[in-house]
Structure formats: C-alpha cells, structure tokens
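Secondary and tertiary structure notes
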Amino acid sequence: MPEGLRITGYKALSHEDTDGHPLSASPVGGSPGTPDLTTLPDRSGRPSLVPAHEPGEVFWAARVRVTGKVTGDLTGCRYYYRQGDAEYQQDLACVSRIRLGPPLKAQD
C-alpha cells in the first residue's frame, strides 16, 4: 500500500448485483452507471464454485481510506483459491491510481 491509503476491508460481490464486474475505483455512494458497492451483500460466507473456462459468480473488492497525501498507486492483485484438495496463489498485474485534487492529464 502506498502512503496515504489504508485498506479498511474486503468484500465478495456478486456480478448479478452489480450488472458485471467493475474494473475501476468505485466511489462510496456509487456513481452514474455504478451501484454503491458498500450497500450490496457480502458473498464471502459461502463457497463460490467456478466451472472450468467460465467466469466466476463473485469478484472481490477492497475498500480503502485516504489517510493523507497519496504517494503511489495500488498495484498487484493476489488471489488464493482451492481446486479439489490443492490450494493455489495467483498474482495478477493491476494498477489503480487514486489522487486528490484536480484531474491528471491522460498518459499514453
């Protein structure tokens, strides 16, 4: 975690509750076309079976709090899962940029 951000929790959400898998930061309270993820039920209390070559029913979201000047990006996504009796860890590249203040110019 970069300085200025703190993870306050994780939640498993159903793609049926969100009309798909949001792939970016979602503000508390939602935004046009994006539901308020904080009000949706947490699906982490039950197993989520994923058939081979099919999308999963749930996705995970992390909630972060801004605690000061944000000095870097959120990078990397790590997932743990089980297939039969074998447990796996999968690291995926991902980047989320959170900044306060005026918008940054688009980068190429």
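Our subject is the structure that appears above.
Let us look at the structure shown here. The shown structure was predicted, so the numbers you read here are calculated from the model rather than taken from an experiment. (Residues numbered from 1 in each chain as written. Predicted model: local features only at pLDDT ≥ 70, side-chain atom pairs only at ≥ 80, totals over all residues. Heavy atoms only, no water.)

1. Some remarks on the pattern of salt bridges
Under the counting rule described, the total for this entry stands at five salt bridges. One salt bridge in this structure joins Arg43 and Asp17, with 2.7 Å as the shortest N-O distance. Taken together, the residues Arg43 in the loop between α1 (15-18) and β2 (58-66) and Asp17 in helix α1 connect sequence positions 26 residues apart. For Asp17, a relative accessible area of 29% gives the class partly exposed. Close ionic contact of Arg78 with Asp91 constitutes a salt bridge, the shortest N to O distance being 2.7 Å. Within this pair, whereas Arg78 is found in strand β3 (residues 74-83), its partner Asp91 is found in strand β4 (residues 86-96), the two being separated by 13 residues in sequence. With relative accessibility at 45%, the residue Asp91 sits in the partly exposed group. (Salt bridge = Lys/Arg side-chain N within 4 Å of Asp/Glu carboxyl O. Helix = DSSP H or I, 4+ residues; strand = E, 2+ residues; numbered from the N terminus. Buried < 20%, exposed > 50% of the residue type's maximum accessible area, 1.4 Å probe, protein only.)

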